[in-house]
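Single-letter residue listing:
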Amino acid sequence: MSAVNLISAESIKLFSTRSPWWCNLLAMVLPVGFATAAVLSWPTDVPISVTEVQMGYQFGMMLVLVMAALAVTTEYRFGTMRTTFQAVPGRSSALLAKTALVAGVAGLVGLVAALGSLGVASVLHPVSDLGLGTADELRAVLGVAPVFVFSAVIAVAVGLLVRQSAGALALLLVWPMLVEPLVSVIPTVGEHIQQWMPFVAADHFLRGERSMIADPVLSPAMALAYFAAVSVGLLAVALVVARRRDA
Amino acid sequence: MIEARGLTRRYGNKVAVDDLSFSVRPGRVTGFLGPNGAGKSTTMRMILGLDRPTSGTVRVNGQAYHELDQPLRRIGALLDAKWVHPNRSARAHLRWLARTNRLPDRRVDEVLEAVGLAAVANRPAGGFSLGMSQRLGIATALLGDPEILMFDEPVNGLDPEGIRWIRGFMRDLAAQGRTVFVSSHLLSEMAQTAEDLVVIGRGKLISQCTTAEFIDNASESLVRVRTPQAEELRAALARADAEVRVEVETGALLVSGVTTQLVGEVAAAGGVVLHELAVERASLEQAFMRLTDDAVEYQTTALPAPELVTAGR
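Conventions used here
- Residues numbered from 1 in each chain as written.
- Chains lettered and ligands numbered in written order.
- Predicted model: local features only at pLDDT ≥ 70, side-chain atom pairs only at ≥ 80, totals over all residues.
- Heavy atoms only, no water.
- 1 Å grid on protein atoms, 1.4 Å probe; cavity = no way out; pocket = protein on both sides within 12 Å on 5 of 7 lines; lining within 4 Å.
- Points joined across faces, edges and corners; volume = space filled by probe spheres on them.
- Helix = DSSP H or I, 4+ residues; strand = E, 2+ residues; numbered from the N terminus.
- Nonpolar A, V, L, I, M, F, W, Y, C, P; charged D, E, K, R; others polar.
- Domains from an automatic or database assignment.
- Axes fitted to C-alpha atoms, helices over the stretch in contact; angles between N-to-C directions.
- Parallel < 35°, antiparallel > 145°, perpendicular 65-115°, else oblique.
- Contact = heavy atoms within 4.5 Å.
- Patch = residues over 30% accessible without salt bridge, like charges linked within 9 Å, V, L, I, M, F, W, Y side chains within 5 Å.
- Areas by Shrake-Rupley, 256 points an atom, 1.4 Å probe, with all protein chains shown as cover.
- Salt bridge = Lys/Arg side-chain N within 4 Å of Asp/Glu carboxyl O.
- Buried < 20%, exposed > 50% of the residue type's maximum accessible area, 1.4 Å probe, protein only.

So, about the layout of surface pockets. The calculated volume of the largest pocket comes to roughly 530 Å³. Looking at the largest pocket, it is lined by 23 residues, and the ones nearest its centre are G49, D51, R52, P53 and H66 of chain B. Where the lining of the largest pocket is concerned, the elements lending two or more residues are α12 (220–244) of chain A together with α1 (40–47) and β4 (55–60) of chain B. For the lining of the largest pocket, the element with the most residues is β4 of chain B, which contributes four residues. Broken down by class, the residue content of the lining of the largest pocket amounts to ten nonpolar, five polar and eight charged. What the second largest pocket holds in volume is close to 410 Å³. If you trace the second largest pocket, you find 24 residues lining it, with S41, L79, D152, E153 and N156 of chain B closest to the centre. At four residues, the largest contribution of residues to the lining of the second largest pocket is made by α1 of chain B. The class makeup of the residues in the lining of the second largest pocket is nine nonpolar, seven polar and eight charged.

See below:
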């Protein structure tokens, strides 16, 4: 069974129902909408930075998390995961194909969202010199793609472990929005632990010194590597669990 | 060929399948019979590698399921017709499945045609009736044109037309030389379609034999006699050690443990006129109940049955 066939099968699955289309569309529209709102509320004579313009990536990320988790949990919900495992008894190859497809789509969505945000902002705010000239600017814009890719990997892994839409989505939305930001509240060690939270690390990669980490240990590039490692590690655990459990 | 050896599955303290060994012979329809909760579905899931046996093995054509390359081409199965995404069209459902085992898209249209769903192929499967879902499930099983087919309770909940269609379909599949393994909790259903039977109760094997053998062994046969000289015949049969009861409504005699020849000879010897002499089988359901009586998972206390047959005076 070649990877191409399995990925092709997964893409028929993903694009033959409506919700992934909506999730992906919104994941592109919301960040652009946020960029528009940010620029319009910004004073017209003060330049806005690329990082400010890209702040809305988090909305897109939430929707990518939803899209990727649902790609797994709806299969459990409707029993098609059993049919999948019946057709591909090795299981891991089918699940890796799904991960590759979903993560690839997420990366494209991230790229479109980030470039769209930048484009809209440059048109609406000509005073700012918005571009991809510096390393910080490159990371803030093009970096959204890999962040979405690894976010999708995390969501697939959580979907495989939880196997249930409500639980998986609650976890995936509450974790980056509430748990990680609040870790710094823990006395003494909180500040130090927080930068090792995966989504905080991803944010550090995108926004550099503007992120919430006061005294980062990792460079932005290393923060992305760390985020990727966490997602791949989680996926590896999920694949082992999925192989062992009854379908 | 499906071969189970010592197949066992426990869920906590509960044993769903208990040291089950059987084989499904190629080119025949084998019925998998047992009361609800006997472990039929669990066994079928283990055959497909979906559930992991606690111990024992099951092999398809001599290989463990997970060793099969492109398994849809070897064994097709319908375990639950509702295993489809309700917003996905029947065609899309079959297309992704075909892609996993490198089956051409042309095959999708062939099986849709074969089960009579071509006209509704682009409609979401969630809107299908049970009968249509069942047809889609069968299309799924046929997709890889496999030599072995497995169906779990395929006629459950179907209307008479649907049942007739499925029965005919299974007979056709067997006539094409395919191996069909089909489960049911109804012996009468199996008697119509299956040549061989694997009978289980509470996860244990009760019997593996041909359907004819099973019915012969399981059912007690009665000889039914109508005669104007009932008293004389009853006395004569009693002398021949036969057990005789009188059917209340008709006055006919029901004789157990004898053949029609013996009854005829006894009657002739005694100069008794016979109006009817026939073998009457206990119903298949009764036979099945007798064999699986203590193997029923969820037993109820039987209500006292109205007495239709009384001992003769």
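Here we come to the domain arrangement of chain B. The domain boundaries assigned to chain B delineate domain 1 (2–217) and domain 2 (221–281). One C-alpha centre belongs to domain 1 of chain B, the other to domain 2 of chain B; they are set 46 Å apart.

So, on to the packing of helix α2 (residues 18–41) of chain A against helix α4 (residues 57–78) of chain A. All names here are of chain A. Put simply, α2 and α4 touch, their axes get as near as 7 Å, and they point 170° apart. One way to sum up the angle between α2 and α4 is to call them roughly antiparallel. Each of S19, P20, C23, N24, L26, A27, L30, P31 and F34 in α2 lies in contact with α4, whose residues at this interface are Y57, F59, G60, L63, V64, V66, M67 and L70. For the contact of α2 with α4, the residue count by class is 14 nonpolar, three polar and no charged.

On to unusual backbone geometry, then. Phi at R163 of chain A is positive, roughly 60°, even though this residue is not glycine. Along the chain, R163 of chain A falls in the loop between α8 (144–162) and α9 (165–182). Even without glycine at this site, D145 of chain B takes up a positive phi of about 50°.

Before going further, it helps to spend a moment on a nonpolar patch on the surface. Side chains of V174, W175, M177, L178, V179, L182 and V185 of chain A sit close together on the surface and give an oily, nonpolar patch of about 620 Å² of accessible area. Looking at where L182 of chain A falls in the secondary structure, it is placed in helix α9.

This part covers the pattern of salt bridges. Counting across every chain of the model gives 23 salt bridges over all chains. One salt bridge in this structure joins K98 of chain A and E10 of chain A, with 2.8 Å as the shortest N-O distance. In this pair, K98 of chain A sits in helix α6 (residues 92–124) while E10 of chain A sits in helix α1 (residues 3–15), placing the two residues 88 residues apart along the sequence. Of the two residues examined, K98 of chain A and E10 of chain A, each falls in the buried class. For D196 of chain B, the salt bridge identified is with R25 of chain B, shortest N-O distance 3.2 Å. Of this pair, D196 of chain B sits in strand β8 (residues 196–201) while R25 of chain B sits in the loop between β2 (14–24) and β3 (29–33); the two residues are 171 residues apart in sequence, bridging distant segments of the chain. Of the residues examined, D196 of chain B reaches a relative accessible area of 5% and is grouped as buried. Residue class for R25 of chain B comes out partly exposed when judged on its relative accessible area of 40%. Here the residues in one salt-bridge network are E10, K13, E75 and K98 of chain A, joined through shared partners.

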